[in-house]
Every structure is written in C-alpha cells, then in structure tokens.
Amino acid sequence: RKFPDDVYFMSQKIHQMQITFVPSQDRRMFRVKTTDQTELKRWFTRRYVKLLWQVLQKMLGKTQSGMSADPRTRQAVLSFQHEKAVSGMDFATPYQESTEANRPLGDEPVLVTRIQVKPGPGKAQVLCLHPDQGQGLEIALDPPWIHSFCKLLAQGVKKTDWDLDYRIADTAAPISETTH
C-alpha cells in the first residue's frame, strides 16, 4: 500500500519504546526503535497525553469485541488481558541509545498535535501521530504493544506534575520507562 509523502508508516517490527519526561520542555518524549535500528521521536504535551490515553483506551476496547456488556466484567477481563500482555514484555532493559540509528524523521523530536486510529493488518490497529505540519508517524500496534504503550504512558505521568492518574490494572511490579 502506498502512503502519502507526509506519512511515515513504521513497517518494521517494534524493538523498544520509551516515554520520558523532559522537565525543561514540560513534555513527554516518545521514542520508538525497530528491529532494523530505525528510531523515531515525537513530543507529547499534557493535552496530547490526555487525548492519547483516551484513544489508547478505545483501542483496547476494540480488542474486547464480543465481550459482556457489564462494565465490571469488561474491566476485570481488560485487567487480566493487560497483566498477561505486559508480563510478556521486557520493561527492565534500558532503552538502547545508538548513534548509528536511522532517523528518517530527523534527529530532533517533533511536536504531535493530531491523533487517529485506523484498522491495521491482522489484530493490529494503526496509531497515527501527526504534527500540524510535516511528516506524521503511523505505527501498527498489536494488542500486547497497545497494553505496553498504556503501561509506559501511565507510569510516565506519575513522574510529572500534570495531575494525571491513569490505570488499567493494579500492578505491584515497578517498571522502567522503556519496553521491548
């Protein structure tokens, strides 16, 4: 499928994701690295994080199609799915810095302002992160990566003074701001 010139579709498999708080910018920096050492960077503001959280929750809801209409049952199943998905991911290994990484969208992160979700291949959904101007980023996320993204985002807002508290499931295990 051909993508417009203003979209970078990440077609390689995700190797690592990281979301860190940069106090001097009062923003979260999102970095994603693929198995072929392509690295992409984006800035998230507090407002954008709030929108992104809502979108990620809807994406998780789509992974539960055909489930019970009872909200408590859906939440219990979602919590179970979340724990199962993130237990298979590596949150302990630090993000691997690389001067050799291919950065097709540039070395500096770009502020994203628009967000969209499209159907992806198989069970994946495509998360579209676009700036006001310039090239957007589109990432196909399967359910385990959606759960991991949620966990990174939820853990990350605790390190800001943004007064946001996001939870999917109560987890006792501490994590770093990176996942594989």
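**Q** Help me understand the overall build of the chain in this model?
**A** Scanning the chain from terminus to terminus reveals three helices and nine strands. The N-to-C order of helical and strand elements in the chain reads β-β-β-β-α-α-β-β-β-β-α-β. Of the contacts made within the chain by residues no fewer than 6 positions apart, 64% connect residues no fewer than 24 positions apart. Of the roughly 9500 Å² that the chain leaves accessible, carbon and sulfur atoms contribute 50%.

**Q** What's the story with helix α3 (residues 143-157) in this structure? I'm lost.
**A** Think of an α-helix as turning once every 3.6 residues; residues three or four places apart then point the same way. Given a rise of 1.5 Å per residue, 15 residues ought to cover 21 Å, and the 21 Å separating the end C-alpha atoms of α3 matches this to within 8%. The buried fraction of α3 is high, at 12 of 15 residues. For α3, the full list of buried residues reads W145, I146, H147, S148, F149, C150, K151, L152, L153, A154, G156 and V157.

**Q** Please explain helix α1 (residues 46-62) as it appears in this structure.
**A** With 17 residues, α1 ought to run about 24 Å at 1.5 Å a step, and its terminal C-alpha atoms sit 25 Å apart, in line with that. Buried within α1 we find Y48, V49, L52, W53, V55, L56, M59 and L60.

**Q** Please explain the sheet that holds strand β1 (residues 7-10) as it appears in this structure.
**A** Hydrogen bonding along the main chain pairs the strands of a sheet, whether they run parallel or antiparallel. An order of β1-β8-β7-β6 is seen for the four strands of this open sheet, with the pairing classed as mixed. Each of the sheet's edge strands pairs with one partner strand only, and the pair in question is β1 and β6 (114-119). In this sheet, adjacent strand axes meet at a mean angle of 20 degrees when their direction is disregarded. Relative to strand β8 (residues 136-141), β1 runs parallel, the two being bridged by four bridges. For Y8, the partnering residue across the bridge sits in β8 and is L137. Against the sheet, α1 contacts β6, β7 (125-130) and β8, and its axis sits at roughly 170 degrees relative to β7.

**Q** What exactly am I supposed to notice about the pairing of β6 here?
**A** If a strand is regular, its side chains alternate between the two faces of the sheet. With six bridges joining them, β6 and β7 adopt antiparallel strand pairing. The partner of P119 across the bridge, within β7, is Q125. The antiparallel pairing of β6 with β7 creates a hairpin that spans five residues between the two strands, and G122 there sits at a positive phi of about 60 degrees.

**Q** Can you help me understand the side chain of K33 in this one?
**A** For K33, the location among the structural elements is in strand β3 (residues 27-34). The buried charged residue K33 lacks any salt bridge partner; its closest oppositely charged side chain belongs to E39, at an N-O distance of 4.8 Å.

**Q** How should I be thinking about the side chain of Q16 in this particular structure?
**A** Mapped onto the elements of the fold, Q16 is located in strand β2 (residues 14-22). Given the relative accessible area of 0%, Q16 is considered buried. A distance of 3.1 Å separates a polar atom in the side chain of Q16 from the backbone oxygen of P94.

**Q** Mind showing me how you'd approach the packing of aromatic side chains here?
**A** The description of an aromatic ring pair uses the distance of the two centres, along with the angle that the planes make with each other. In the structure shown here, the tally under the stated rule is four aromatic pairs. Feature note: the residues F30, F44, Y48 and F149 constitute an aromatic cluster, connected by ring pairs. The ring of F91 has K151 lying over it, and the distance from NZ or CZ to the ring centre is 5.2 Å.

Conventions used here
Residues numbered from 1 in each chain as written. Predicted model: local features only at pLDDT ≥ 70, side-chain atom pairs only at ≥ 80, totals over all residues. Heavy atoms only, no water. Helix = DSSP H or I, 4+ residues; strand = E, 2+ residues; numbered from the N terminus. Contact = heavy atoms within 4.5 Å. Areas by Shrake-Rupley, 256 points an atom, 1.4 Å probe, with all protein chains shown as cover. Expected span 1.5 Å × (residues − 1). Buried < 20%, exposed > 50% of the residue type's maximum accessible area, 1.4 Å probe, protein only. Pairing = 2+ DSSP bridges. Axes fitted to C-alpha atoms, helices over the stretch in contact; angles between N-to-C directions. Lys, Arg positive; Asp, Glu negative; His and termini not counted. Salt bridge = Lys/Arg side-chain N within 4 Å of Asp/Glu carboxyl O. Polar contact = N/O pair within 3.5 Å; in protein donor to acceptor, adjacent residues only side chain to side chain. Phe/Tyr/Trp six-rings, centres within 6.5 Å; stacked < 30°, edge-to-face > 60°. Lys NZ or Arg CZ within 6 Å of the ring centre and 35° of its normal.

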